[in-house]
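Structure at a glance
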Amino acid sequence: MMEAQWTPTPCPRPPSVVFLLMATSCTWLLPVTAPQRVPIDPQAAPEYAHSIRLDGDIVLGGLFPVHSRGDRGTPCGDLKKEKGIHRLEAMMFAVDLINKDPELLPNITLGARILDTCSRDTYALEQSLTFVQALIERDGSDVRCANGDPPIFTKPDKIVGVIGAAASSVSIMVANILRLFKIPQISYASTAPELSDNTRYDFFSRVVPPDSYQAQAMMDIVTAMEWSYVSTLASEGNYGESGVEAFVQISRETGGVCIAQSLKIPREPRKGEFDKIIRRLLETSNARAVIMFANEDDIREVLDAAKKNNQTGHFLWVGSDSWGSKIAPVIGQEREAEGAITILPKRASIDAFDRYFRSRSLSNNRRNVWFAEFWEENFNCKLGMHGKRPGSLKKCTGLEKVGRDSSYEQEGKVQFVMDAVYAMAHALHRMHRDLCYGYPGLCPRMASSIDGKELLSYIRAVNFNGSAGTPVVFNENGDAPGRYDIFQYQITNRSTAEYRVIGSWINKLHLNVEAMRWKKGDPSLPPSVCSIPCRAGERKKVVKGVPCCWHCERCEGYHFQASEFTCELCPYEKRPDANRTGCVPIPIIKLEWHSPWAVFPVFISMLGIIATSFVIVTFVRHNDTPIVRASGREMSYVLLTGIFLCYAITFLMIAAPDVGVCSFRRIFLGLGMCFSYAALLTKTNRIHRIFEQGKKSVTAPRFISPASQLAITFSLISVQLLGVFVWFAVDPPHTVVDYGEQRTQNPTSARGVLKCDISDLSLICSLGYSILLMVTCTVYAIKTRGVPETFNEAKPIGFTMYTTCIIWLAFIPIFFGTSQSAERMYIQTTTLTISLSLSASVSLGMLYMPKVYVILFHPEQNVPKRKRSFKAIVTAATMSGKLSQKGDRPNGEVKTELCESMETNISSTKTTYVSYSNHAI
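Residues numbered from 1 in each chain as written. Predicted model: local features only at pLDDT ≥ 70, side-chain atom pairs only at ≥ 80, totals over all residues. Heavy atoms only, no water.

**Topic: the side chain of Thr713**
With respect to the helices, strands and loops of the structure, Thr713 is situated in helix α19 (residues 706–730). Looking at Thr713, the relative accessible area reads 0%, which means it is buried. If we skip the residues at most four places from it in the chain, Thr713 touches Met635, Val638, Ala678, Ala679 and Thr682. (Helix = DSSP H or I, 4+ residues; strand = E, 2+ residues; numbered from the N terminus. Buried < 20%, exposed > 50% of the residue type's maximum accessible area, 1.4 Å probe, protein only. Contact = heavy atoms within 4.5 Å.)

Structure follows, in structure tokens:
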């Protein structure tokens, strides 16, 4: 019976996986390829052969990019010597080794059906229909031969598994149809993360790690280089887009790396497209690092565009495994590629394959239908009139030798092609062992049909050392573990360019930064950051929407850098350190003895103490002299004690504060003034009462004796002491450190002031009583201003009080007006001590220095005179006052005196001493 002669009806090209709806109706019309051997004469080979067939008990499919993508509607373009021929020869070489191995699939021969994808997903989809022909039942009832007999169909090969494809886009397209027919697929080069989806691509496995690992490795590289602002560049398609997507996703999850721009290279780029890409990248010029998931043709165009735009050395390229360690993208553009960091799955050169491939010739490799084309391409010659290379080239002799008459370097994926074939073989071997134990060759259970789902389970369970000695295993998604070598393209001192291994990535990064070289051999790491790191003490104010871009703001005032993004206020007792990265205690100060603010008050105080001590000594030595007795010895000593205390308080105010010093400050701060003005008030009150009583009668007023005067004085002083003791009970004395007094705008000048816990209000209360005594004394001094100065001390006391009031009126605005000054402690302490010393000096100078002068330098005046009665004294004083008011009293004509004490009028037995010229009470 003759084989049917008929013309197949072409099927439309399905745009997507939906084509399977049409496959069942169209596939039976496809031309059936009858088993045949490849012609011995290479010139007799079909011009458009698209498959290699190796007979075997079990047949594996193979998909390889033997040709590049065609232009202008043609499916296939130029031959790919390395990616196409090397890889498919690697599959045939692995099949040969397996068939020769007595331990692996014994008594079973592996066969192969290898197809060309032409680097195009739609074309590969059409070709892959060959793999499922055996699984589709044919209906030939409507087809008849010329003689009316039914047609004889050649049974197609039954493919149990497929090795391939290379490009991720091709693998995705093919995987969609193979999974419907439960045909396992193992890729040797497809790395798109999308293929890890086990729900959509459940029959897909691969011996190369997915780009998700690669993207993680590239992210680790970027992080190790301290690059926080990068751009991404992807070739349009599954590989480029999914790789960039994985990188962007990792950057979002981990943080620390921002994507300045994500650009895409069109599948069919227009003229000037790459120049436009470079200009776009320069819009964010700080993002010098560019993460590239692009094919080698696009990589070359990008480098060329950078060269044209004078950007050599600006960009820091980080290339995926599509760049790897290939020479093609960088030939003639070494300077533009200098410093590029590339990544490539760990691989090794298979020496056995090198020997095998170098031994291939036209005579011993007739099974490869594309080898003649390779021969012409590789040796730049032409095989007779049927040769594919046009032009007047030299004729091939057939005696050329690979590696001798042409350059040869093993393609990088040869190892993975062989590992994929061996993975399929190991799975079949274990399946045979379980299903056909002890049965030589294929048992009926495997010969009739191999369950693809069952074979898939064996594939996922394989674990063996591959052709390079590295373990071949798959995870639950069919992915191989991530193992990468990291390269850098360097130009040495001899101006030779080469890829140098600078690290590896096996679950984590191992990078030798010292081995890296950049433009002109510079070993320092170039930056790729949006904003330079903030200096110590500065916080980042992040630009909205771009977390890697920020403005640096210095932590001002008393704030320190609490974190990368925040400034916080130091505790009140602390200030920022020099770098503003933390807080340090504010230095504590006190008024020192050597300070100019202390030296002057201490000097005045010492002079006053010496002068007061001199007066006291003088009075004690001349205690019984008339002038001392006439001054009222008891009251004079009380007044001198108050003056001494006013001077002495200066030392307590300047001494280093502690509980003892603070206690004495509270006691003596107002006590000295209280002693002085209580005594003066008692004396002025006595004078006033005497002369007021004298105007009415000659009877002496009550309580004018020395004992009464002392009792009144100490009663007034006891009020001050009582207030102090109440103060002690309510608020025990203690020291405090006032950090607000010298809290300047500049923290470096801030100081904490160690002082007693005496507030301004407490100070006013302590001095207030003494000031009240002073004012009352001044009022009495004014009332007794009409008493002639020749009779008593009223006028010196008046002058003393007037001057004292002026001093304290000046003290109040100075003391309280400087409460906000940074020098408050110094000004207030100095003002207070000087005011006290001046008050004491006025009293000492006006009341006692004249007496001391008379006692020491005019002792002739310090003699007793005749005594007179109280009535005569008062009458004479009254008349003297009237005369002085008329102004007709001659100077020194009227001379009367008051007795030292009025008790002479009460008890005649007491002796009355006549005073000196200026009589005093």
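Still to come is the rest of the account.
**Thoughts on the packing of helix α2 (residues 81–100) against helix α11 (residues 371–379)**
Two numbers describe a pair of packed helices, the interaxial angle and the distance between the axes. Contact geometry for α2 and α11: axes closest at 11 Å, N-to-C directions at 135°. Put simply, α2 runs oblique to α11. Once α2 is placed against α11, the crossing between them reads as left-handed. Seen from α2, the contacting residues are Lys81, Ile85 and Glu89; seen from α11, they are Phe371, Phe374, Glu377 and Asn378. When the residues that make up the contact of α2 with α11 are grouped by side-chain class, the tally is three nonpolar, one polar and three charged. (Axes fitted to C-alpha atoms, helices over the stretch in contact; angles between N-to-C directions. Parallel < 35°, antiparallel > 145°, perpendicular 65-115°, else oblique. Left-handed = near helix turned anticlockwise from the far one by under 90°. Nonpolar A, V, L, I, M, F, W, Y, C, P; charged D, E, K, R; others polar.)

**Examining the confidence of the model for the protein chain**
The predicted model of the protein chain has a mean per-residue pLDDT of 82, with 83% of residues at 70 or higher. A low-confidence stretch, residues 1–48 stays under pLDDT 50, and its non-local contacts, those more than four residues away or across chains, total 63 contacts. This stretch, residues 881–921, has a pLDDT under 50; its non-local contacts, to residues over four places away or in other chains, come to 82 contacts. (pLDDT = per-residue confidence, 0-100.)

**Side note on the pattern of salt bridges**
Evaluation of the coordinates by the stated rule reveals 23 salt bridges. For the salt bridge of Lys346 with Asp485, the shortest nitrogen-to-oxygen distance reads 2.8 Å. Placement of the pair is Lys346 in the loop between β13 (341–345) and α10 (351–358) and Asp485 in strand β16 (residues 484–491), with a sequence separation of 139 residues. Residue classification places Asp485 among the buried residues on the basis of a relative accessible area of 14%. Note that Lys755 is salt-bridged to Asp738, the shortest N-O span being 2.9 Å. Pair noted here: Lys755 is in strand β27 (residues 751–756) and Asp738 is in strand β26 (residues 735–742), with a separation of 17 residues, a long-range link. Look at the salt bridges and you will find they share partners, linking Arg53, Asp55, Arg113 and Asp157 into a network. (Salt bridge = Lys/Arg side-chain N within 4 Å of Asp/Glu carboxyl O.)

**With respect to empty space enclosed by the protein**
Scanning the model with the defined rule gives five cavities of 30 Å³ or more in all. Considered as a void within the structure, the largest cavity measures approximately 380 Å³ in volume. As for the largest cavity, its lining consists of 23 residues, and the residues nearest its centre are Met653, Arg665, Lys755, Ile758 and Thr829. For the lining of the largest cavity, the secondary-structure elements that each account for two or more residues are α17 (633–654), α18 (659–696), β27, α20 (760–783) and α22 (824–847). Considering each element in turn, the lining of the largest cavity owes the most residues, five residues, to α22. Class assignment for the residues of the lining of the largest cavity results in 14 nonpolar, three polar and six charged. (1 Å grid on protein atoms, 1.4 Å probe; cavity = no way out; pocket = protein on both sides within 12 Å on 5 of 7 lines; lining within 4 Å. Points joined across faces, edges and corners; volume = space filled by probe spheres on them.)

**Quick word on the side chain of Glu373**
Among the secondary structure elements, Glu373 is positioned in helix α11. Classification of Glu373 as buried rests on a relative accessible area of 16%. A distance of 3.0 Å separates polar atoms of two side chains, one belonging to Glu373 and the other to His67. (Polar contact = N/O pair within 3.5 Å; in protein donor to acceptor, adjacent residues only side chain to side chain.)

**Some words on the state of the cysteines**
For the structure on display, the rule yields nine disulfides. At a sulfur-sulfur separation of 1.7 Å, the disulfide partner of Cys436 is Cys443. Across the disulfide from Cys436 to Cys443, rotation about the S-S bond amounts to roughly -45°, and the bridge is consequently left-handed. Comparing Cys436 with Cys443, the two get one shared label, buried. Here Cys555 is linked by a disulfide to Cys567, with a sulfur-sulfur distance of 1.8 Å. Between Cys555 and Cys567 the sulfur-sulfur dihedral comes to about -70°; the bridge is accordingly left-handed. Of the two residues, Cys555 is situated in the loop between β20 (546–554) and β21 (559–561) and Cys567 in strand β22 (residues 567–569); the sequence distance between them amounts to 12 residues. Cys555 gets classed as buried once you look at its relative accessible area, which sits at 1%. Cys805 forms no disulfide, and the closest cysteine sulfur to it belongs to Cys777, at a distance of 8.8 Å. (Disulfide = S-S within 2.5 Å.)

**Notes on the packing of helix α15 (residues 596–621) against α17**
Packing of α15 against α17 leaves a shortest axis separation of 9 Å and a crossing angle of 155°. As the angle between them shows, α15 and α17 are arranged roughly antiparallel. In the crossing of α15 with α17, the sense of the turn from one axis to the other is left-handed.

**Remarks on the pairing of strand β5 (residues 110–116)**
Of all seven residues in β5, seven are buried, a share of seventy percent or more. Residues Leu110, Ala112, Ile114 and Asp116 of β5 are buried on one face, and the alternating residues Gly111, Arg113 and Leu115, pointing to the opposite face, are buried as well. Across four bridges, strand β1 (residues 51–54) lies against β5 in antiparallel orientation. Across the sheet, the residue bridging to Ile52 is Ile114, located in β5. In this sheet, β5 lies alongside strand β2 (residues 58–64) in parallel orientation, the contact comprising seven bridges. Looking at β5, one finds that Phe64 is bridged to Asp116. (Pairing = 2+ DSSP bridges.)

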